[in-house]
Amino acid sequence: MMKKKSIPASKPLLILFLCQIISALDVPLDLSQPPTITHQSPKDYIVDPRENIVIQCEAKGKPPPSFSWTRNGTHFDIDKDAQVTMKPNSGTLVINIMNGGKAEAYEGVYQCTARNERGAAISNNIVIRPSRSPLWTKEKLEPHQVREGDSLVLHCRPPVGLPPPIIFWMDNAFQRLPQSERVSQGLNGDLYFSNVQPEDTREDYICYARFNHTQTIQQKQPISVKVFSTKPVTERQPVLLTPTGSTSTKVELRGNVLLLECIAAGLPTPVIRWIKEGGELPANRTFFENFKKTLKIIDVSEADSGNYKCIARNTLGSVHHVISVTVKAAPYWITAPRNLVLSPGEDGTLICRANGNPKPSISWLANGVPIAIAPEDPSRKVDGDTIIFSHVQERSSAVYQCNASNEYGYLLANAFVNVLAEPPRILTPANKLYQVIADSPALLDCAYFGSPKPEIEWFKGVKGSILRGNEYVFHDNGTLEIPVAQKDSTGTYTCVARNELGKIQNEVHLEIKDPTMIIKQPEYKVVQRYGQVSFECIIKHDSTLLPTVIWLKDNDELPDDERFLVGKDNLTIMNVTDKDDGTYTCIVNTTLDSVSASAVLTVVARPNPPFDLELTGQLERSIELSWIPGDENNSPITHFVIEYEDGLHEPGVWHYQTEVPGTQTTVQLKLSPYVNYSFRVVAVNKIGRSQPSEPSEQYLTKSASPDENPANVQGIGSEPDNLVITWESLKGFQSNGPGLQYKVSWRQKDVDDEWTSVIVANVSKYIVSGTPTFVPYEIKVQALNDLGYAPEPSEVIGHSGEDLPMVAPGNVQVHVINSTLAKVHWDPVPLKTVRGHLQGYKVYYWKVQSLSRRSRRHVEKKILTFRGNKTFGMLPGLEPYSSYKLNVRVVNGKGEGPASPDKVFKTPEGVPSSPSYLKITNPTLDSLTLEWGSPTHPNGVLTSYILKFQPINNTHELGPLVEIRIPANESSLILKNLNYSTRYKFYFNAQTSVGSGSQITEEAVTIMDEAGILHPAVVAGKVQPLYPRIRNVTTAAAETYANISWEYEGPDHANFYVEYGVAGSKEDWKKEIVNGSRSFFVLKGLTPGTAYKVRVGAEGLSGFRSSEDVFETGPAMASRQVDIATQGWFIGLMCAVALLILILLIVCFIRRNKGGKYPVKEKEDAHADPEIQPMKEDDGTFGEYSDAEDHKPLKKGSRTPSDRTVKKEDSDDSLVDYGEGVNGQFNEDGSFIGQYSGKKEKEPAEGNESSEAPSPVNAMNSFV
């Protein structure tokens, strides 16, 4: 929402132009001219009697005029009155009242005359009256005793003052008395009561009269009013208190403010309405005041005459009054006479035309004397409101006065006739510069004077032609107007004035500027209370103009608040409050133009809380709630939330009841018996929820029997011989009355038994003992209270307690699918032997040994659980070429049954893992030696190794691939007939009868020649890295020196150097050369307690250096050293330590001899065959790996990670793709869905256990 307005540049220029039209008639003051009155006091001049009286009269003329005064029509000789002085070079009178004069002595009608040799000008008749503020007359005021509902008028009757006082009513505490449609003040100052109420009783109704001229306030005696009540109060139809009667008249003068008043009595309070008979009330000039009891019409004219009717109405009837308004008019000008400048022999006229009601009479004076008795002038002829001059001469110069008067006032105007013979003059300064905004009017001045009146012509440029045409406007005062100035209007303009006595010219200059524009205007913003908002105002302007930017709020200055930040092109308001709501205007001013743009800021917030909650229509089970919404804070209320409090059962706790649309303020609420209700309402808009309203009054509903029974009734046994019946208790308000209890009933299902019932207190559980194991029961729970039972409850089925299953599954069979997957089958157990809810079957399986290695390890049992009555399942993640055992157990809610006999099965061979390592040593010109380790997981009987290799050139392109098969019992190979100084890439893997395993790769280079220049160098038969490096730089610092050591890999015969410096310093590094090829160096001369940086480099290796290391030297020690070994305290400490060690050795020896346990199992766990590492099982949970023989808690530091993953040291087998986890599942027939081929393993270089990624155990946490 945005408003934009622009102040046109032509407006101030147009005003200037109008002023120039008038000033063009002025005679320059260096020429002879009759007097002209320039300033005078008002006609009706009320003065402060305590101050000096100043009567203004200023005039101009050539020669300067002299002044005289008349008082009450006769000459006022100021020289004879010491209290009266006239200001020098002025006609202004100063009457000294402050030094003993009395203002009353100078009351009267004063007139000033200004005279010189060319005529006399006179002022208006100035009526001088001192202001008066008389005191109230003493009077005894009787108290007003009035009956409730009657009307009352308290009269003010202020003293008559000059000017009339302003009336208002207050109390003893100087507080204005509140007014309303019922109580208001009339135009005459009286206080009117349409009907009185008991609250109108008071003893301090005081009328005050303020006299502004003397700045005094007069006070009337307090008036006492006592209202007495009568029941019932009688209602009355309207009666007019003022004006009285049915009609009245009113006369007002044109241009004044018309005030009409109607005040009525009645009960209920009448409402006033105004109409104009036979017409409409004038738009834009009509206002209603004093609660529509006063009709106000401003700037009245004769057209506003007519009959105005006021109508007072209440529920019992109406009354009206007609006011006949007549608008009269004091004289007002149609054409006022204007000064006339003529040259000898010219003709002219003075015109004086005025209007009024009644029509004014016109009379002429010459030099202050009625024209009928003034000296005759043959060139002058009077024709009513016009004087005609013919062939004037210099003696015809005079001042003429025109008087237009009627019974309501008069007008007096001076106009001179000045006869002069003068060559042209140009009054506009030469070379004046005009600057105008493009596309705006340009007004170029050429103010002139001459007699006879000169002719004016305009030219553009020095030798330009005369300007003519529609694109220019030539004004009578000499001004040239260019209605739409463009850039090409820029230039110099010449004005030429000529008459019969001469010629003169003047040059002015015009510049056209680019308009100022707001290219990014502020935009309508909606912001939450306490937020931040910014308005942009980006401008573009002429580069030669300096703009100023002003921000306004609601057309007024910004608040003086540091939250308002005015930037170069924006306004930011921080921490916005409700008061910041409004219209913000950006005004850009230059010396030539002004533009503005506005935007509205709406501050929104959560609604204010509703109020005035009221309960109506109270019934046993319903009630109506109504409320008044709070302020919505500029964001409409979307809905109301009704909450209730049960003061009887849950005092202080509020619950949701219902909600209604934001347009609704009443709601019918359903109630429950035996609840002590209170309600509150919360208003919600897009911003959020209001604070809750104040609570309503409380309403207690009557008691009744319960309407509903407990929910969620269940029967589950906790022991094999019991039945635990549970339910959800009714809430307090659901009880419907006092004495809430429950009737619990049960009987065995499918058995012809009677119901067994018991009544219990307000609890939520009952235990039935002595039941058979796991049999079904019918159960029901019924609520009751002191007033009766709830409706008959529905029945639910429960079961008595479970016991462990009695038998194990039989006929367990295993079908091996491949080297890592097997399928197991079993026969289901009879349901009667389950003795509980059948939850599924658990398959325990474990690896006995690897068939490729005869070593044994600690048995690690794994568990898979299959949900429901399944009779088969898949065993994933098996190791190839291994022997396994398994058994199956049935599971119910109590636990597991006995295990089936162990079943043995074996997995076939698989492909092996990669060789544990591959080393390449002893490089020569044409050979390399390869050494390797056997696979960590052979997964069968190795048949051979496969070696593939190929050369790599300098551009990393691969040469032909060579393949060699190596017997399985070999562990090394010498490759001969290779190319010298050549890089080779090797691929190496093992094979079983099933196929090839994963391969490992390595690269090596044969040497360049036999002279010892190796590439790379060989140290102790080890192939060195291809590129040199310096690593593991370490320091051992003392007080003034440090021992630096490092490791080097690269060509031999490298020359090392050590660089060091103070850490954090920008100084250059200091360099020390290391003799020989040593890998250590001692830095000396260091400063104690200082941090140093150090790095090691090798000469001739393209500036190759190690990374930086930082060390700190030790602090400076005292020069006097003490031998600690000779100190007594040190000797004692050493003895105590030796004694303590001896005691510990004795204790350990004694415990060992007594058979103290040695943690063999922990050592076995730490060093056992990684293929049989056990995985722990959480007690009593399904779907996780478990060691059936070990249920001890995890030791500190060995918890399952929080992401439910199992690290490698816990298990090699991953079941993430099997069971009923997220990544794997089984078909209805038990076949496994998804890919279960073994995951690729990353083999360690030194033959350690495989490092497989952690496997989620979620897949085993549920039944299949």
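The rules behind the values
Residues numbered from 1 in each chain as written. Predicted model: local features only at pLDDT ≥ 70, side-chain atom pairs only at ≥ 80, totals over all residues. Heavy atoms only, no water. Pairing = 2+ DSSP bridges. Helix = DSSP H or I, 4+ residues; strand = E, 2+ residues; numbered from the N terminus. Axes fitted to C-alpha atoms, helices over the stretch in contact; angles between N-to-C directions. Disulfide = S-S within 2.5 Å. Salt bridge = Lys/Arg side-chain N within 4 Å of Asp/Glu carboxyl O. Buried < 20%, exposed > 50% of the residue type's maximum accessible area, 1.4 Å probe, protein only. Phe/Tyr/Trp six-rings, centres within 6.5 Å; stacked < 30°, edge-to-face > 60°. Lys NZ or Arg CZ within 6 Å of the ring centre and 35° of its normal.

Draft legend 1. Representation of the sheet that holds strand S38 (residues 409-419) within the structure. Here we have five strands laid out as an open sheet, ordered S30-S38-S37-S33-S34, and mixed in their pairing. Unpaired on one side and paired on the other, strand S30 (340-342) and strand S34 (369-370) mark the two borders of the sheet. Bridge count between strand S33 (residues 361-366) and S34: two bridges; the pairing is antiparallel. Opposite Ala 366, over in S34, you have Val 369 as the bridge partner.

Draft legend 2. Highlighting the sheet that holds strand S78 (residues 882-892). Read from one edge to the other, the open sheet built from four strands follows the order S76-S75-S78-S79, with strand pairing classed as antiparallel. Looking at strand neighbours, the two that pair on one side only are strand S76 (861-867) and strand S79 (903-906), the edges of this open sheet. Shown here is a sheet whose adjacent strand axes are inclined to one another by a mean of 30 degrees, direction ignored. Bridge analysis of S78 against S79 gives four bridges, and the strand direction is antiparallel.

Draft legend 3. Expanded view of the state of the cysteines. In total, this model carries six disulfides according to the counting rule given. Across the disulfide from Cys 352 sits Cys 402; the S-S distance is 1.6 Å. Taking the sign of the S-S torsion, about -70 degrees here, the bridge from Cys 352 to Cys 402 comes out left-handed. Here Cys 402 lies in strand S37 (residues 398-406) and Cys 352 lies in the loop between strand S31 (348-351) and strand S32 (353-357), a separation of 50 residues in the sequence.

Draft legend 4. Layout of the pattern of salt bridges. Applying the stated criterion across every chain, the model contains 38 salt bridges. Of the charged contacts, one joins Arg 353 and Asp 385 as a salt bridge, the two residues approaching to 3.4 Å between their closest N and O atoms. Here the residue Arg 353 occupies a position in strand S32, and Asp 385 occupies one in the loop between strand S35 (380-383) and strand S36 (386-389), the gap between them amounting to 32 residues. Residue classification places Arg 353 among the partly exposed positions, given a relative accessible area of 39%. You can call Asp 385 partly exposed: its relative accessible area is 25%. With a shortest N-O distance of 3.5 Å, Arg 889 and Glu 896 are connected by a salt bridge.

Draft legend 5. Seen up close, the pairing of strand S65 (residues 711-716). The pairing of S65 with strand S66 (residues 722-728) spans four bridges and is antiparallel. From the neighbouring strand, Gln 714 faces S66, where its bridge partner is Thr 726.

Draft legend 6. Layout of the pairing of S31. Here S31 shows a buried face lined by Gly 348 and Leu 350 and an unburied face lined by Thr 349 and Ile 351. Taken together, the four bridges between S31 and S36 define a ladder with antiparallel strand orientation. Counterpart to Thr 349 in the pairing with S36 is Ile 388.

Draft legend 7. Representation of the packing of aromatic side chains. With the rule as written, the count across this model stands at 23 aromatic pairs. Relative to Tyr 110, the ring of Phe 76 lies with its centre 5.9 Å away and its plane at 75 degrees, an arrangement referred to as edge-to-face. Remark: Tyr 110 occurs in strand S10 (residues 108-116) and Phe 76 occurs in the loop between strand S7 (74-75) and strand S8 (84-86); sequence separation between them is 34 residues. With respect to burial, Phe 76 and Tyr 110 carry one shared label: buried. For the pair Phe 193 and Tyr 205, a centre-to-centre distance of 5.8 Å together with 80 degrees between the ring planes defines the contact as edge-to-face. Of this pair, Phe 193 sits in strand S17 (residues 191-193) while Tyr 205 sits in strand S18 (residues 202-211); the two residues are 12 residues apart in sequence, bridging distant segments of the chain. When sorted by exposure, Phe 193 lands in the same class as Tyr 205, which is buried. Put simply, the rings of Phe 168, Phe 174 and Tyr 208 touch in pairs and so form one group of aromatic residues. The positively charged end of Lys 525 is found above the aromatic ring belonging to Phe 535, 5.5 Å away from the centroid. Across the ring face of Tyr 844, the terminal group of Arg 889 is positioned such that the distance to the ring centre comes to 3.9 Å.

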